[in-house]
Amino acid sequence: MASVVAQPADRRASSQTRRLLAALHRLPAKGYLFGHQDDLAYGVGWRADPGRSDVHDVAGDYPGLFGWDFSGLESGRPSDINGIPFDSIRSYVRWVYASGGVNTFTWHCPNPLGGTAWDTIPGTVASILPGGTHHALYVSWLERLGTFVRSLDGVPVLFRPFHELTGGWFWWGASHSDAATFKALWRFTRHYLNDSMGLHNILWVYNAGDNFSTLEGFMARYPGDDETDMVSFDTYQYNGGFASLIGRQLSVLDSAAAMTGKVEALAETGFEQVPDPHWWTGVLAPALAHHPVAYVMVWRNAGWNPYMKPPHMHYYAPYKGQASEDDFVRFYRMDNTLFLRDAAREKLYQ
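Here's a quick rundown of the structure. All values reported here derive from a predicted model rather than from experimental measurement.

### Observations concerning the overall build of the protein chain
Looking only at helices and strands, the protein chain has 11 helices and 13 strands in total. The C-alpha atoms of the protein chain give a radius of gyration of 19 Å, which matches the 20 Å a tight globule of 350 residues would have. Within the protein chain, buried positions represent 58% of all 350 residues. Relative to all contacts within the protein chain whose residues are 6 or more apart in sequence, the contacts with residues 24 or more apart total 73%. Just so you have it, the protein chain exposes about 13,500 Å², and 54% of that area is on carbon and sulfur atoms.

Given below as structure tokens:
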């Protein structure tokens, strides 16, 4: 019996984008891509060193998946929210694609009514829908974002808009708009980029926060099977109960993926400063062992961050000399952890 080919939300998606989606559906039979946010742009103690990566420094290989951010494009800034020039991000994205890896984007979109993504002004979502007071502004932001995506010359990207959408810490979150209004925003955004702007190199990733415990809670703001390509969530370790928590959440994710027929992923995770020297093979790998995720991505290696309260070292992947370095190498050598060389062998776009 021939296998069913997954149809992308964008029915006019490019052939490379369709092949990537099909490959992501197949991938869990082999393992999962390991990803790292902003991996090529900076690390602990360095910034913009050509070819450098903290992951590569430790493992001798790059991640199989690379995370980036669109935030800053909408405002016409030359660099993203973390200070990476968009010209550099464009070059990184093209290099990752040419090397056989996968690129994923989030968007810490500022509040159209004023402030940052974390400024939770009531009524924001409704204000940017058609007929809303700030709809024209939002359209202009999508135009800038879309212009950048077009400049990638067709490189397929995973897009995780309105990430952690079940939470209340961003203006698009569940505490600040009802499900119907949010779904309308998702649909408008997707159709504007795919149809109005003619961008056909995007796969759409539904992304919950860490505040769900049931399938109903996870799916509460799901915009529909015809609007999404992947289901995912974000969760981080803060205490010793992480292993049992993530196990329950991954089981819910499995159910959501089975019900919708979508690819599943752990879109953000990590343990800040990785203080457990055996975290990679002792916590993360066992947690993922029986769940068919296509990728897992840890957050960025910012190093010393004076803007956090209190200021502290902010990183999620090991660097040379870090406490979990040896265990990360063991994690890298596992058969089911897929880094850039593995991704290239899988020929995800062919």
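Having seen the structure, we can now continue with the description.
### Some remarks on the environment of Arg94
Structurally, Arg94 can be placed in helix 3 (residues 86-98). Counting along the chain gives 229 residues from Arg94 to Ala323, while the straight-line C-alpha distance between them is 33 Å. The contact partners of Arg94, leaving out residues within four places of it in the chain, are Ser151, Leu152 and Asp153.

### Focus: the pairing of strand 1 (residues 32-37)
Along any regular strand, the residues point their side chains to alternate faces of the sheet. For strand 1, a buried count of 6 out of 6 residues is recorded, marking the element as mostly surrounded by other parts of the structure. Inspection of the sheet shows strand 1 paired to strand 13 (residues 337-338) by 2 bridges, in the parallel sense. Residue pairing for strand 13: Leu33 is matched across the bridge by Leu338. By the bridge criterion, 4 bridges tie strand 1 to strand 10 (residues 295-298) in an arrangement that is parallel. From the neighbouring strand, Gly35 faces strand 10, where its bridge partner is Met297. Relative to strand 4 (residues 65-69), strand 1 is paired through 3 bridges, and the arrangement is parallel. Its bridge partner lying in strand 4, His36 is registered against Phe66.

### Considerations on the packing of helix 8 (residues 242-260) against helix 9 (residues 279-288)
At their nearest, the axes of helix 8 and helix 9 sit 9 Å apart, and the two run at 25° to each other. With respect to each other, helix 8 and helix 9 are oriented roughly parallel. You can see that helix 8 and helix 9 cross each other, and the crossing is right-handed. Where helix 8 approaches helix 9, its residues Phe242, Ile246 and Leu250 are matched on the opposing element by Trp279, Val283, Ala287 and Leu288.

### Considering helix 5 (residues 135-150)
When the terminal C-alpha atoms of helix 5 are compared, their 22 Å separation across 16 residues agrees well with the 22 Å that a helix rising 1.5 Å per residue should span. Among all positions in helix 5, only His135, Tyr138, Val139, Trp141, Leu142, Leu145, Gly146, Phe148 and Val149 are buried. In this fold, the buried residues of helix 5 make contact with helix 3, strand 5 (102-106), helix 4 (124-127), strand 6 (157-160), helix 6 (179-196) and strand 7 (202-208).

### Some thoughts on the packing of aromatic side chains
Going through the model one piece at a time under the given rule, you end up with 40 aromatic pairs. Between Phe212 and Phe218, the aromatic rings sit 5.2 Å apart at their centres with planes inclined by 70°, giving edge-to-face as the arrangement. The exposure class of Phe212 is buried, given its relative accessible area of 6%.

### As for the nonpolar core
Counting 113 residues, the largest nonpolar core has Leu24, Leu158, Trp172, Phe218 and Tyr295 as the members making the most contacts within it. Discounting residues that sit within four places of it in the chain, Phe218 has contacts with Thr166, Tyr206, Ala208, Phe212, Val231, Ser232, Phe233, Val252, Leu253 and Ala256.

### Some details on a nonpolar patch on the surface
Taken together, Ile81, Trp118 and Trp169 make up a surface patch of nonpolar side chains, about 290 Å² in accessible area. Within the secondary structure layout, Ile81 lies in the loop between strand 4 and helix 3.

### Brief notes about the pattern of salt bridges
Counted by the stated rule, this structure contains 12 salt bridges. For Lys30, the salt bridge goes to Glu346, with nearest N and O atoms at 3.0 Å. Of this pair, Lys30 sits in the loop between helix 1 (15-26) and strand 1 while Glu346 sits in helix 11 (residues 340-346); the two residues are 316 residues apart in sequence, bridging distant segments of the chain. We classify Lys30 as partly exposed; its relative accessible area is 49%. Residue classification places Glu346 among the partly exposed positions, given a relative accessible area of 24%.

### So, the side chain of Ser127
Mapped onto the fold, Ser127 is located in helix 4. Residue classification places Ser127 among the buried positions, given a relative accessible area of 7%. Dropping the residues within four chain positions of it, Ser127 is found in contact with Leu113, Gly132, Thr133, His134 and His135.

What counts and how
Residues numbered from 1 in each chain as written. Predicted model: local features only at pLDDT ≥ 70, side-chain atom pairs only at ≥ 80, totals over all residues. Heavy atoms only, no water. Helix = DSSP H or I, 4+ residues; strand = E, 2+ residues; numbered from the N terminus. Rg over C-alpha atoms; globule rule 2.2 N^0.38 Å. Buried < 20%, exposed > 50% of the residue type's maximum accessible area, 1.4 Å probe, protein only. Contact = heavy atoms within 4.5 Å. Areas by Shrake-Rupley, 256 points an atom, 1.4 Å probe, with all protein chains shown as cover. Pairing = 2+ DSSP bridges. Axes fitted to C-alpha atoms, helices over the stretch in contact; angles between N-to-C directions. Parallel < 35°, antiparallel > 145°, perpendicular 65-115°, else oblique. Left-handed = near helix turned anticlockwise from the far one by under 90°. Expected span 1.5 Å × (residues − 1). Phe/Tyr/Trp six-rings, centres within 6.5 Å; stacked < 30°, edge-to-face > 60°. Core = buried A, V, L, I, M, F, W, Y, C linked by side-chain atoms within 4.5 Å. Patch = residues over 30% accessible without salt bridge, like charges linked within 9 Å, V, L, I, M, F, W, Y side chains within 5 Å. Salt bridge = Lys/Arg side-chain N within 4 Å of Asp/Glu carboxyl O.

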